[in-house]
Amino acid sequence: MPSSPALPPVQSARSLTTIDLVSGGRTLPGCGIGWSPEEYQAAGLDFGRRGARMDEPLDALEALSTEDPAQHKGVHLPAALHHSPLKPARKPRPPFCLGALSERGLATVARHGDGWLPLCVVPSFVGIDGLIAQRLPLDRLGRDVGRPRRRSTPCSA
């Protein structure tokens, strides 16, 4: 997925839109905040603040994929008001499939995600009990924000 807490939102939205248009609306973008302190250091960002930076790119992608003119008034990743006629093939936008394991990360999935990418370390960790244990807090968080679990997600196809 061309989105991260480090990438400019206009660049991310344009890349995602291009991929979605070229694929005929079959894009299933997945993203997460990352696990590598070295990646954040290389980008000049504080690894300890990575969770606080994740909601903003998702809000920006939402606005930039659905509005024209578009803008995002973010603290970390602002995008000035601009003409933005190119929109994804899938309406209102491709689904956001988000990876998370922590309670805070799962809360972001519940608020913004259209699907969840669970933590599965192959070959050592693929047990169904572990996946169910990861899913239970997500179900609760989704209900808490008015987004109950659906039978299937656009990210499971």
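Can you lay out the packing of aromatic side chains for me, pointing to particular residues and giving the numbers?
Under the criterion given, the structure shown has one aromatic pair. On the basis of an interplanar angle of 75° and a centroid distance of 5.5 Å, the ring pair of Tyr40 and Phe47 is categorised as edge-to-face. Classification of Tyr40 by relative accessible area gives buried; the value is 5%. With relative accessibility at 22%, the residue Phe47 sits in the partly exposed group. When the ring centre of Phe47 is taken as origin, the NZ or CZ atom of Arg50, which lies over that ring, is 3.8 Å away. Over the ring of Phe96 we find Arg93, and its NZ or CZ is 3.8 Å from the ring centre.

Describe the confidence of the model for the protein, naming the residues involved and giving the relevant values.
Per-chain confidence: the protein averages 84 in pLDDT, with 90% of residues scoring 70 or above. Ranking the elements of the protein by mean pLDDT puts strand β1 (residues 30–31) last, at 86, and strand β2 (residues 70–72) first, at 91.

Quick one: what's the story with helix α5 (residues 128–144), residue by residue and with numbers?
Note that an α-helix has 3.6 residues per turn; residues three or four places apart therefore point the same way. In this model α5 runs 25 Å from its N-terminal to its C-terminal C-alpha over 17 residues, within 8% of the 24 Å that 1.5 Å per residue would give. Considered for burial, the residues of α5 that qualify are Gly130, Leu131, Gln134, Arg135, Pro137, Leu138, Asp139, Leu141 and Gly142. Immediately beyond the C-terminal end of α5, within one or two residues, lies Gly146, with a positive phi of roughly 75°.

Describe the side chain of His112, naming the residues involved and giving the relevant values.
Mapped onto the elements, His112 comes out in helix α4 (residues 103–112). Among the polar contacts listed, one links the side chain of His112 to the side chain of Asp55, at a separation of 3.5 Å. With residues up to four places along the chain from it excluded, the contact list for His112 reads Asp55, Leu58, Asp59, Arg93, Phe96, Leu98 and Arg147.

Residues and numbers for the nonpolar core, please.
A general tendency of soluble globular proteins is for nonpolar side chains to be buried together. In terms of nonpolar packing, the biggest core is built from 19 residues, with Leu58, Phe96, Leu98, Leu106, Val109 and Leu138 touching the most fellow members. Elements represented by at least two residues in this core include exactly α1 (9–22), α3 (55–66), α4 and α5. Looking at this core, the element that brings in the most residues is α4, giving four residues.

Summarise the pattern of salt bridges; cite the residues concerned and give the values.
Here the idea is simple: oppositely charged side chains can pair when their charged atoms come close. Tallying each qualifying case throughout the model produces seven salt bridges. Where Asp114 meets Arg93, a salt bridge forms, and the shortest distance between an N and an O atom there is 2.6 Å. Here Asp114, found in the loop between α4 and β5 (115–117), pairs with Arg93, found in the loop between β3 (79–82) and β4 (97–99); they are 21 residues apart in sequence, far enough to count as distant. A relative accessible area of 12% places Arg93 in the buried class. Taking the shortest distance from any N to any O, the salt bridge between Asp114 and Arg147 comes out at 3.6 Å. Separated by 33 residues along the polypeptide, Asp114 in the loop between α4 and β5 and Arg147 in the segment after α5 bring together distant segments of the chain.

Reading guide: rules and limits
- Residues numbered from 1 in each chain as written.
- Predicted model: local features only at pLDDT ≥ 70, side-chain atom pairs only at ≥ 80, totals over all residues.
- Heavy atoms only, no water.
- Phe/Tyr/Trp six-rings, centres within 6.5 Å; stacked < 30°, edge-to-face > 60°.
- Buried < 20%, exposed > 50% of the residue type's maximum accessible area, 1.4 Å probe, protein only.
- Lys NZ or Arg CZ within 6 Å of the ring centre and 35° of its normal.
- pLDDT = per-residue confidence, 0-100.
- Helix = DSSP H or I, 4+ residues; strand = E, 2+ residues; numbered from the N terminus.
- Expected span 1.5 Å × (residues − 1).
- Polar contact = N/O pair within 3.5 Å; in protein donor to acceptor, adjacent residues only side chain to side chain.
- Contact = heavy atoms within 4.5 Å.
- Core = buried A, V, L, I, M, F, W, Y, C linked by side-chain atoms within 4.5 Å.
- Salt bridge = Lys/Arg side-chain N within 4 Å of Asp/Glu carboxyl O.

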